[in-house]
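Coordinate analysis (summary)
For reference, the chains in residue letters:
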Amino acid sequence: MHANQVRSAMVPLEILIEKAMTGDESSFNQLVNLWYKRIYNYALKQCSYEDVAADITQRTFIAVFKNLKKLKDVGSFKPWIYRIATNFCHQEGRKISRSKTVPFTMTQNDDGESTVKEEGEAEGVLFNPEMSYRQQELEKILFGCLQELPKDQRSVIIMKEYEGMKFREIAEILKTSENTVKTWLYRGLKLLRQQLEEKSITKETLSYEI
Amino acid sequence: MKYKPEESTLISYLYGELSAEEQAKVEEYLSGNEEARRELEELRSTLSIMGQLKDKVVDVPTFTFDQSSRVVVAEASTVSFWKKTMAIAASVAVLIFIGYLTNFNVSVGEQGFQLAFGNQNSGFSHEEVQSMITEAIAKNNNELNRQLASREADIKEFAADRDQSLQNQFVKQVNNGAKSEPDWESERQQYLAYLKQLIEDSEAMQKRYTDQVLTDFAIFLDIQRQNDMEVFQTRLNNLEDNTELNSYKTDQILSNLGSDVENPNQY
C-alpha cells in the first residue's frame, strides 16, 4: 500500500532490493529508510518498551542485510522482513516474561518528560497539553492490554490493525492458515474487550473524554 | 439444526470479505440473535478504541557494515577445542622429531647442567689446561721478541737516512747562496692570473645565485597555484557533499511520508 506510494516518488522497491542484495550499502540504507518506522512501530506494539523495540529493529535490519542474498522472490520481501521482526519480538518476549521485574514505564524519561512525540502532534496552536496527557495515559493502558494477549493473537491484531496487512499476508508470515489467523483475531479482540471493560474504557467514555 | 457461523467467518463479516451468499446467511443469523449482534458490535468498538494507538515518530539510523572484520570474528569462533588440542600435539611432535634429528642432549654431570646438539666432549683436565697456557705464553713471548728486533733494525736504518739527507741539503744551500735574485715580472704575471681567476669565480657564483633565485621563485609560484587549485577543489567537494546531503534528506522525508500506513483503521 505505502510501497505503491513510494514507488512513484523514488526508485522502485524491487530495484532497491535487488541492488541491496549485491551488498550495496546506500541502497540498503534507502531500504532502511523505507521500512525502519514500520518495523519499529510494529516491534514497539509487540513489546511496549522503546529501547527493546529499537534493539529489535536494529537486529532485524542486520539480519536482513546478512540474509538478503537468500531471499528468492523479491516480491515476498514484506512478509519476509515482518517474519524476521516477529521472531525477534517473540524471543524478546520470552526474555521479558522470564525476568518479570522490568516495570512498565513507557514514554517517561528520567526527568519525567515525555520524549516521544505523537504523530501530527504539533507545537503550534493546536497543541493541547491536557489532551496530550490523556492520550499518553490512554496509550499506556492500550499498550498494557496488548501485552496481556497471547503472542500469536497479539501479532495478528498488530499486523491487521496497525500494519494494515491482508489476512493472506499475515497467514504467510505466521506460517498458518487464513482461517486460523481470523480465529486468533476474533479471540484476541474478545480478550481485549474484556480487559478494556475491566479498566472501564468504552467507546462512550472515550468520546466523552476526547 | 440452526446455523452458527464460525469465529473466522464472523471476522470476515466484520471486514466485509464474505461472498454475498455467506453474508446473507450471517446477517440472517445475527438478526435472530441479539447476543451475537451485541458481541460483534462490541468487537467493532474495541477495534476503534485500539485505533487510538498511533505510530511513533522515530529517527532512522544509518547502517554501515565492516565486512572483513565480521568475517575474521566468525573465523576465530569456529576453531573447535579438538582442533586446538590437535594443533598443540602436532607442534610438540614436530619439536621432538627435530630434537631427535639434531641429537639434542640434556645432561647433569660433574661440570654442571649441559645442553648440547650432537656428541658432547667432556671438559679438559687441570694439567691439560696448564700445559696449554704455558704453550700459549711461550709462543707469545717469541713473537714479541721477534717484533722488537725488527723495530730496532728499522729505527737504525731511518736515523742513517736522515743524517745523509740533512748533509746533502746543507751543501746545496751553501752552493746557491750567491745567485738568488727576485723575478718581478713573473710574479706580476702570477698576480694578474690570480685576479682574473677571482673575477671569473665571482661572476660564476653570481650567475648561479641568480639562477637559484629564479628557480625558487618559479617553484613558489607553482606551489601557490597548486594551493589555489586545492582550495578550489575543496570548495567544489563541499558543494557536492551539500548537494548529496540535501538529496539524502529529501529521500528520508519522502520515505517518511511514504511509509505511513494510510487509514489502517477502517472503523
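All residue numbers refer to positions counted from 1 along the written sequence of the respective chain. The lettering of chains begins at A and the numbering of ligands begins at 1, in the order of writing. Side-chain atom pairs in this predicted model are given and counted only at pLDDT of 80 or more, local residue features only at pLDDT of at least 70, and totals for whole chains, interfaces and linings cover all residues.

**Details of the overall build of chain B**
Segments assigned H or I by DSSP are reported as helices when at least four residues long, segments assigned E as strands when at least two residues long, and all are numbered from the N terminus. Within chain B, the secondary structure is distributed over seven helices and two strands. Taken from the N to the C terminus, the helices and strands of chain B come in the order α-α-α-α-α-β-β-α-α. Neighbour density around each residue's C-beta defines its exposure: 20 or more other C-beta atoms within 10 Å make it buried, 12 or fewer make it exposed, and counts between make it partly exposed, where C-beta atoms are placed from the backbone. Every one of the 267 residues in chain B was classed for burial, and the buried ones make up 6%. When contacts within chain B are restricted to residue pairs at least 6 apart in sequence, long-range pairs at least 24 apart make up 42% of them. Contact between two residues is assigned when their C-beta atoms, built from the backbone, lie within 7 Å.

**Structural notes on the pairing of strand β1 (residues 104–109) of chain B**
Residue and element names in this part refer to chain B. Summarising burial for β1: zero of the six residues are buried, a small minority. Two strands are counted as paired when DSSP detects at least two bridges linking them. Note that β1 and strand β2 (residues 112–117) share six bridges and pair antiparallel. From the neighbouring strand, F104 faces β2, where its bridge partner is F117.

**Description of the nonpolar core**
Residue and element names in this part refer to chain A. What we call a nonpolar core is a set of buried Ala, Val, Leu, Ile, Met, Phe, Trp, Tyr and Cys residues whose membership is set by joining through C-beta atoms within 7 Å. Core analysis: the largest hydrophobic core is formed by 59 residues, its most contacted members being A43, I81 and A85. With 12 residues, helix α3 (residues 25–47) is the largest single contributor of residues to this core. Among residues more than four places away in sequence, those in contact with A85 are I39, Y42, A43, I56 and T60.

**With respect to the interface of chain A and chain B**
Each side of the interface is counted separately: chain A has 47 residues, and chain B has 38 residues. Where the side of chain A that touches chain B is concerned, the elements lending two or more residues are α1 (2–9), α3, α4 (50–67), α6 (129–148), α7 (151–162), α9 (178–198) and α10 (203–209) of chain A. Element by element, the count of residues in the side of chain A that touches chain B is highest for α3(A), at 14 residues. In this classification, the charged set is Asp, Glu, Lys and Arg, the nonpolar set is Ala, Val, Leu, Ile, Met, Phe, Trp, Tyr, Cys and Pro, and all remaining amino acids, among them Gly, are polar. Class assignment of the residues belonging to the side of chain A that touches chain B gives a composition of 24 nonpolar, 10 polar and 13 charged.

**Re the confidence of the model for chain B**
All names here are of chain B. Here chain B averages 83 in pLDDT, while 86% of its residues score no lower than 70. Predicted confidence in chain B is weakest over helix α4 (residues 67–78), with a mean pLDDT of 41, and strongest over helix α7 (residues 184–258), with 93. pLDDT is defined as a per-residue confidence score from the predictor, taking values between 0 and 100. Here residues 68–78 is modelled with pLDDT under 50, and outside its nearest four sequence neighbours on either side it reaches zero contacts, counting other chains as well. The complex model carries a pTM of 0.53, and its ipTM stands at 0.71.

**Examining the packing of α7(A) against α9(A)**
Residue and element names in this part refer to chain A. Axis definition: a line fitted to C-alpha atoms, over the contacting stretch in the case of helices. Angles run 0 to 180 degrees between N-to-C directions. Orientation of α7 relative to α9, taken along the N-to-C sense of each, is 95°, at an axis distance of 8 Å. Classified by the angle between their axes, α7 and α9 sit roughly perpendicular to one another. Counted together, D152, Q153, R154, V156, I157 and K160 of α7 and V181, W184, L185, R187, G188 and L191 of α9 form the full contact between these two elements. Residue composition of the contact of α7 with α9, grouped by class: six nonpolar, two polar and four charged. For classification purposes, an angle smaller than 35 degrees is called roughly parallel, one larger than 145 roughly antiparallel, one from 65 to 115 roughly perpendicular, and anything else oblique.

**So, unusual backbone geometry**
Residue and element names in this part refer to chain A. A positive phi angle, close to 65°, is found at S48, a residue other than glycine. Take S48: it is sitting in the loop between α3 and α4. Residue S48 is classed as buried on the basis of its 21 C-beta neighbours within 10 Å. Backbone geometry places K175, a non-glycine residue, at a positive phi of 55°. Relative to the helices and strands, K175 resides in the loop between α8 (167–174) and α9. We classify K175 as exposed; it has 8 C-beta atoms within 10 Å.

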